[in-house]
Amino acid sequence: MRQFLVLAAVCAGLGACTTTGGDGAAGGLALSAFDYASSDATRQAGTRFGYELAGDDGWQGDLAFEEESGVLSVVFSMTDGTEAELRVGMPYLEDGVRRYHGSTVDGRDVFVELQAGPCEQGGDTLTHFAIVEIGSHQFEGCGLERAEIDRWSNYLMDFMPAIDICLGELGARAQHVSLAYSQPGGNTGVRLVDQDGATWECTTREDDSAINSIRQLNAADALLGEGDPVFVRSQMPDFGDACYVYESVRLADGSLVGALGYDTCDSVPMASLGNS
């Protein structure tokens, strides 16, 4: 379902999915990094893939993506009984932000915006900042991605100390992060792709304060979920760069952490978005 949503929205927005180049670290991603075993399994979320939304003042909402006969629908509901069918805002992920709009049965306009970043709520850190507008009322809170298989990027901020120390080790050769994961003993493994498309695994020690080892990998070393998505530190690449679509990651004050890149290469439109 995750793949369905990304491809439907992106290909509808771009008209076609083609590879484009770029300059510098924010330019074209090293596509050879994805010659590994397919990570499609991590994208096959259930029929109720979406986001759970809530605010500190008690409101709760749900954004669900559903497929029926090849058509994608976005269903929004709140615990107060509000329901609406929304459309994906186009251009998809404009400015790196997810946007949805539509109306309730009784004609009230509905707008939902999701900005990826560490949103603090009730002692937990959720994956998105959320703004919901229903008619003249606005709700602010946090969102949490819901899917059958948890993606590594949902814990991006927990991995940031290790990511930064590993990026520093690889230096100017580093292009993006393809995976970060916890290892026994509280250490972290970070997989980096360099400008030549080679993948490196960096492991940390001493609570992510030092490098334990770094080695070059090959296809046999692939892990489930690798490259889904990738993470570019401190930059926001152009839309469609290297046939990727990017979601910005920001802190509460709006400062840029980086961008999550979702692979749309070698894809064709898989569904109709209806009226967008």
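Residues numbered from 1 in each chain as written. Predicted model: local features only at pLDDT ≥ 70, side-chain atom pairs only at ≥ 80, totals over all residues. Heavy atoms only, no water.

K.L.:
How should I be thinking about the side chain of R151 in this particular structure?
P.N.:
The topology assignment puts R151 in the loop between β8 (137–146) and α3 (156–170). A polar atom in the side chain of R151 sits 2.7 Å from the side chain of E145. (Helix = DSSP H or I, 4+ residues; strand = E, 2+ residues; numbered from the N terminus. Polar contact = N/O pair within 3.5 Å; in protein donor to acceptor, adjacent residues only side chain to side chain.)

K.L.:
How do you make sense of unusual backbone geometry when you look at a structure like this?
P.N.:
Generally, phi is negative for residues other than glycine and the peptide bonds are trans, each holding for most cases. Cis rather than trans, the peptide bond between M90 and P91 has omega equal to 0°. If you trace the backbone, P91 turns up in the loop between β4 (83–88) and β5 (98–104). Each neighbour pair has its own omega, and for D228 with P229 the value is 0°, a cis peptide bond. When you line up the elements, P229 lands in the loop between β12 (210–216) and β13 (230–233).

K.L.:
Quick question: what am I supposed to make of the state of the cysteines here?
P.N.:
One way to say it: the disulfide is the covalent bond shared by the sulfur atoms of two cysteines. Scanning the entire structure with this criterion turns up two disulfides. Each sulfur of the disulfide joining C119 and C142 lies 1.9 Å from the other. The disulfide joining C119 to C142 has a torsion of about -70° about its S-S bond and is therefore left-handed. Taken together, the residues span a long stretch of sequence, with C119 in strand β6 (residues 109–121) and C142 in strand β8 at a distance of 23 residues. For C119, a relative accessible area of 5% puts it in the buried group. A sulfur-sulfur distance of 2.1 Å marks the disulfide that ties C166 to C202. A torsion of -75° about the S-S bond marks the disulfide between C166 and C202 as left-handed. Residue C166 is found in helix α3, and its partner C202 is found in strand β11 (residues 199–205); the two are separated by 36 residues along the sequence. What makes C166 buried here is its relative accessible area of 0%. (Disulfide = S-S within 2.5 Å. Buried < 20%, exposed > 50% of the residue type's maximum accessible area, 1.4 Å probe, protein only.)

K.L.:
Looking at this model, I keep getting lost on the side chain of T203. Mind explaining?
P.N.:
For T203, the location among the structural elements is in strand β11. When near neighbours in sequence (up to four residues on either side) are disregarded, T203 contacts Q183, T188, G189, A210, I211, N212 and S213. (Contact = heavy atoms within 4.5 Å.)

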